[in-house]
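# A structural walkthrough
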6 protein chains.
Amino acid sequence: MKQVTITRRARFNAAHKLWNEGWSEEKNFEVFGKCANHNWHGHNYEVFVTVRGTIDESTGYFMNFTELKALIQEYVEEPLDHKNLNLDVPWLFGKQTSVENLVIGIWEQLEPHLAKSGCVLERVRLYETENNYADYYGES
Amino acid sequence: MKQVTITRRARFNAAHKLWNEGWSEEKNFEVFGKCANHNWHGHNYEVFVTVRGTIDESTGYFMNFTELKALIQEYVEEPLDHKNLNLDVPWLFGKQTSVENLVIGIWEQLEPHLAKSGCVLERVRLYETENNYADYYGES
Amino acid sequence: MKQVTITRRARFNAAHKLWNEGWSEEKNFEVFGKCANHNWHGHNYEVFVTVRGTIDESTGYFMNFTELKALIQEYVEEPLDHKNLNLDVPWLFGKQTSVENLVIGIWEQLEPHLAKSGCVLERVRLYETENNYADYYGES
Amino acid sequence: MKQVTITRRARFNAAHKLWNEGWSEEKNFEVFGKCANHNWHGHNYEVFVTVRGTIDESTGYFMNFTELKALIQEYVEEPLDHKNLNLDVPWLFGKQTSVENLVIGIWEQLEPHLAKSGCVLERVRLYETENNYADYYGES
Amino acid sequence: MKQVTITRRARFNAAHKLWNEGWSEEKNFEVFGKCANHNWHGHNYEVFVTVRGTIDESTGYFMNFTELKALIQEYVEEPLDHKNLNLDVPWLFGKQTSVENLVIGIWEQLEPHLAKSGCVLERVRLYETENNYADYYGES
Amino acid sequence: MKQVTITRRARFNAAHKLWNEGWSEEKNFEVFGKCANHNWHGHNYEVFVTVRGTIDESTGYFMNFTELKALIQEYVEEPLDHKNLNLDVPWLFGKQTSVENLVIGIWEQLEPHLAKSGCVLERVRLYETENNYADYYGES
């Protein structure tokens, strides 16, 4: 059977910091360095969402890119763009807002809605800077 | 055994539209939106071809990038560059010229020639825009 | 006085061909090569619009990027995206749809609306491919 | 005389918001939209610093890229990277932290040190996102 | 269990040539083309190192990007940047300095140190030009 | 009169080093750092050539991109690609192979041929790395 994956890129600009409330200030700066700056810093995040499915011959695809774009807009961009990841995003409360936790959080927000649309979420990739990114493939 | 993959990028600029002859004009625009524009639109496509093999110690590779480039030129760029994907490409006749169908078509054009060269086609990736791409890994 | 320029990027995907009605088919292919393909080809165009102004202290800018984005959307993206530049764009009728003529056309569409907003259009840059672009700075 | 310019790119990740203390909350959101989010947002800024000079034949340049990099590091990256532009940067206090004001601020921080090194600052370009940037060429 | 991968990009600029000492000059040029130029040529290499691990809740990651960056700096950038890959890198002596052999060499240099840090090296990707790259996933 | 500029990108991969024969080894390393490595290093250079002219209505351009590409190929890529800039390029003998001298050299090689084609060379831009580039606008 001929399965393909499609990938859609989206972007959001957010503030955050890395900080463990259970640690002293000294330890926070020792572990997180400048990422612990009290007054926050921020990033232009780039997210790549990859879904898998079997092509419908009448359309040439299994999911319209426009539909994928709309789901990412609703469940990723709306809650994260121009927000503070530590303060404004309920599903990140109590977690470090590392790119690693964030990529898992995005997966968990998107996955049920993609499943409802009948396709399989294969990977979420999240760039924090041009040099650093994280990938999540779901629980194994 | 030490296997590597190599990936070569190529580009082609083509016109196309999404249109299902069996549907009314109304339904075509409802499903395909502006991609159904009668007079076509177009893209700068970027294709990434990934092949796998075992390194020959005398050369340091299993397939010369120049050879891979030439195969992509002959079987992808020649038939697709500065063409209309719906009208000028026999192996796409009767199919939607979606990026999903196109990436499968490119695989099928290239694969026999790569097999003849003794290496394994692992993936074809095709970008339609900077935000949208499709991957095909062959039938599973 | 402290003047800055701001630049906004936008994108549109269009079909076109280069063809001179006054010439034989032979001469058209001799001059325009594969760009003369009867059935069209297409591009992902990228446009960069640069405007100049003097900063208003109360906002920190002279024109909101959101306003610039909206003007580009109305006068560039709406008429050009998912269109055929030769057939669907009245202000290009009778002209070659080269990147050179197109960048001038975009300038002429945008300039009056930017002037009305009180800022100066400084440059329009238009990429046709990653290797080719044209700039227009207005009549001199 | 043979003059060239050289340009060095640098990056910094910072939080900020657009907010005018003299305005109501309502007006702030009306003018600045989501950029006024109370809890900040942030960006990966990219700065391009262009300087002009006459080549010294013994070295092949007028200013070592390493020296230019060090000046940008000291006067741009150190004060701005992983910082809050509204709260952590004395030379931006009392100003909107728009990309337009920021590019002027960077010019003013760098210019005296470049002049001391005997070269002319020609332009500072600052990207806030892949779609938006500002240029400053000094007072005219 | 929730595993993620993180990827760090690094760069190095090096000279090299492809040349087989056991072959005639004629055969070398026939096989390697301009890559056999006696006086060397060079590249801006880009390497992407991907490691896998399970997130520690107290930090939000399994390996600090700063630590990964430092390991790449010590074992990849230091020995390769501004070097001649054929003459200056002991662990490449006697091998063709193809991107394929180089990506394996980088894996072998990095892997023991990543294992010591408790994480799994998943892939090394190496770009030689914007059009050519190689991936290595370890011995299988 | 309506003048536009067009810009064509080209690439070449070359080896070089910075070294002043009149200086001690110690001074060379002090001034040029790792760029003085005896056994060379190298780069993927990117050159952007910008020419100005007045559009011919019958074609929509003043110079075919194909013609510009061919001139760059003959006078820039052929002599520089897969070469050693210090040893293989007669017009660089006796000069430091800095990006600054190189951009002037490229201008001087191209300018007479562009003038013969009836257009004006406006700028040559040369990237040595993603962070460093030089521009030359001709003698003033």
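By convention here, each chain's residues receive numbers from 1 onward along its written sequence. The lettering of chains begins at A and the numbering of ligands begins at 1, in the order of writing. The model is predicted, so local features are restricted to residues of pLDDT at least 70 and side-chain atom pairs to those at 80 or more, both for listing and for counting; the totals for chains, interfaces and linings are taken over all residues. Where side-chain values are given, they derive from all heavy atoms of the structure, hydrogens and water being excluded.

## Let's talk about the relation of the copies chain D and chain A
C-alpha atoms of residues with pLDDT of at least 70 in both copies form the basis for the least-squares superposition of the copies. Overlaying chain D with chain A gives an RMSD of 0.0 Å, the required rotation being 180° about an axis along which the chain moves by 0.0 Å. Taken together, the rotation angle and the small translation identify this as a two-fold axis. Most of the interface of chain D is mirrored in chain A, where 100% of its interface residues are also at the interface. In this analysis, two residues are considered to be in contact whenever any of their non-hydrogen atoms come within 4.5 Å of each other.

## So, the interface of chain D and chain A
Much of the literature gives interface size as the accessible area that the parts lose upon coming together. The partner chain A presents 25 residues to the 25 residues of chain D that form the contact. Between chain D and chain A, the buried area comes to about 2000 Å², and carbon and sulfur atoms account for 42% of it. Accessible area that two parts lose when put together, with a 1.4 Å probe and added across both, is what the buried area reports. When the area that chain D buries against chain A is broken down by residue, the three leading residues are D:Asn39, D:Asn44 and D:His82, summing to 29%. Think of a salt bridge as a Lys or Arg side-chain nitrogen and an Asp or Glu carboxyl oxygen that are within 4 Å of each other. The tally of links from chain D across to chain A stands at six salt bridges. The salt bridge partner of D:Asp81 is A:Lys34, with a shortest N-O separation of 2.7 Å. Polar contacts here mean pairs of N or O atoms no more than 3.5 Å apart (in protein, one a potential hydrogen donor and the other a potential acceptor; neighbouring residues in sequence count only if both atoms are side-chain atoms). Joining chain D to chain A, the criterion identifies 21 residue pairs in polar contact (both at pLDDT 80 or more). Listed by contribution, the elements that provide at least two residues to the side of chain D that touches chain A are strand E1 (3-16), strand E2 (41-54), strand E3 (83-84) and strand E4 (120-129) of chain D. Three classes are used, and their members are as follows: Ala, Val, Leu, Ile, Met, Phe, Trp, Tyr, Cys and Pro are nonpolar, Asp, Glu, Lys and Arg are charged, and the others, Gly among them, are polar. The class makeup of the residues in the side of chain D that touches chain A is five nonpolar, 11 polar and nine charged. Counting from the N terminus, the helices are DSSP H or I runs at least four residues long and the strands are E runs at least two residues long.

## Focus on the packing of aromatic side chains
A pair of aromatic rings is counted whenever rings of Phe, Tyr or Trp (Trp by its six-membered ring) have centres within 6.5 Å, and the orientation is called stacked for planes under 30 degrees apart, edge-to-face for over 60 and tilted otherwise. All chains considered together, the criterion is met by 42 aromatic pairs over all chains. A ring pair is formed by A:Phe12 and A:Tyr45, whose centres lie 5.0 Å apart and whose planes are at 15°; its orientation type is stacked. One end of the pair, A:Phe12, is in strand E1 (residues 3-16); the other, A:Tyr45, is in strand E2 (residues 41-54), with 33 residues separating them in the sequence. An identical accessibility class is assigned to A:Phe12 and A:Tyr45; each is buried. Ring centres 5.8 Å apart and planes at 80° place the aromatic pair D:Trp19 and D:Phe29 in the edge-to-face group. Of this pair, D:Trp19 sits in the loop between E1 and helix H1 (25-32) while D:Phe29 sits in helix H1, and the two are 10 residues apart along the sequence. Here D:Trp19 falls in the buried class, since its relative accessible area comes to 17%. Here's how the labels work: a residue is buried when its accessible area is under 20% of the maximum for its type, exposed when over 50%, partly exposed in between, all with a 1.4 Å probe on protein chains only. Relative accessible area serves as the criterion here: at 31%, D:Phe29 is assigned to the partly exposed category. Through a chain of ring-to-ring contacts, three or more aromatic side chains come together here, namely A:Trp23, A:Phe32 and E:Tyr61. Note that A:Lys17 overlies the ring of A:Trp40, its terminal NZ or CZ placed 4.5 Å from the centroid. Only Lys NZ and Arg CZ are tested; either one counts as a charge over a ring when it is within 6 Å of the ring centre and within 35 degrees of the ring normal.

## Observations regarding the pattern of salt bridges
In this structure the tally under the stated criterion is 54 salt bridges over all chains. Between B:Glu46 and B:Arg9 there is a salt bridge whose closest N-O contact spans 2.5 Å. Taken together, the residues span a long stretch of sequence, with B:Glu46 in strand E2 (residues 41-54) and B:Arg9 in strand E1 (residues 3-16) at a distance of 37 residues. With a closest N to O distance of 2.7 Å, D:Arg125 and D:Asp135 form a salt bridge. Taken as a pair, D:Arg125 in strand E4 and D:Asp135 in strand E5 (residues 132-136) lie far apart in primary sequence, 10 residues in all. Residue classification places D:Asp135 among the buried residues on the basis of a relative accessible area of 2%. Here the salt bridges do not stand alone but share partners, grouping A:Arg9, A:Arg11, A:Glu46, B:Glu130, C:Arg9, C:Arg11, C:Glu46 and D:Glu130 into one network.

## Notes on helix H2 (residues 65-80) of chain A
Residue and element names in this part refer to chain A. Multiply 1.5 Å by the residue count of a helix minus one, and that product is the helix's expected span. The end-to-end C-alpha separation of H2 is 21 Å, in line with the 22 Å expected for 16 residues at 1.5 Å each. Among the residues of H2, those classed as buried are Phe65, Leu68, Leu71, Ile72, Tyr75, Val76 and Leu80. Among the residues of H2, the N-terminal cap falls to Asn64, whose side-chain oxygen and the backbone nitrogen of Thr66 are separated by 2.9 Å. Backbone geometry just after H2 places His82 at a positive phi near 55°.

## Digging into the nonpolar core
Here, the term nonpolar core denotes a set of buried Ala, Val, Leu, Ile, Met, Phe, Trp, Tyr and Cys residues that are joined through side-chain atoms within 4.5 Å. Judged by nonpolar contacts, the single largest core of 111 residues is most densely connected at A:Ile106, B:Ile106 and E:Ile106. Those residues in contact with A:Ile106 that lie beyond four places of it in its chain are A:Phe12, A:Val47, A:Val76, A:Leu80, A:Trp91, A:Val124 and A:Leu126. Of all hydrophobic cores here, the second largest spans 108 residues; its members include D:Val51, D:Val124, F:Leu71 and F:Val89.

## Observations regarding the environment of D:Pro112
All names here are of chain D. Topologically, Pro112 is positioned in helix H3 (residues 99-116). Its relative accessible area of 38% is what places Pro112 among the partly exposed residues. Residues Pro112 and Ala134, spaced 22 residues apart in sequence, show a C-alpha to C-alpha distance of 21 Å.

## Focus: the confidence of the model for chain A
On a scale of 0 to 100, pLDDT captures the predictor's confidence in every residue. Confidence in the prediction for chain A averages 97 pLDDT; 100% of positions are at 70 or higher. We note a pTM of 0.98 for the whole complex and an ipTM of 0.96 for its interfaces.

## Here's the deal with unusual backbone geometry
It is generally the case that most residues other than glycine have a negative phi and that most peptide bonds are trans. Despite not being glycine, C:His82 shows a phi value in the positive range, around 60°. Mapped onto the elements, C:His82 comes out in the loop between helix H2 (65-80) and strand E3 (83-84). A positive phi angle is found at D:Trp40, which is not glycine, with a value near 75°. Following the sequence through the fold, D:Trp40 ends up in the loop between H1 and E2.

## Details of the pairing of E2(B)
Residues and elements named next belong to chain B. Buried residues dominate E2, accounting for 11 of its 14 residues. Here E1 pairs with E2 via 14 bridges, running antiparallel. Pairing of Thr7 across the sheet is with Thr50, part of E2. Only strands joined by at least two bridges in the DSSP assignment are considered to pair. As paired elements, E2 and strand E4 (residues 120-129) share seven bridges and run antiparallel to each other. In the sheet register, Glu46 faces E4, and the bridge partner there is Tyr127.

## Describing the pairing of strand E5 (residues 132-136) of chain F
Extensive coverage of E5(F) is indicated by the burial of five of its five residues. Side-chain alternation along E5(F) places F:Asn132, F:Ala134 and F:Tyr136 on one buried face and F:Tyr133 and F:Asp135 on a second face that is also buried. Sheet topology note: the E1(D)/E5(F) ladder contains five bridges and is antiparallel. Of the residues in E5(F), the one forming a bridge with D:Thr7 is F:Tyr133. Direction of pairing for strand E4 (residues 120-129) of chain F relative to E5(F): antiparallel, over a ladder of five bridges. Within E5(F), the position partnered with F:Val124 by the bridge is F:Tyr136. Hairpin connection of E4(F) to E5(F): two residues between the antiparallel strands.

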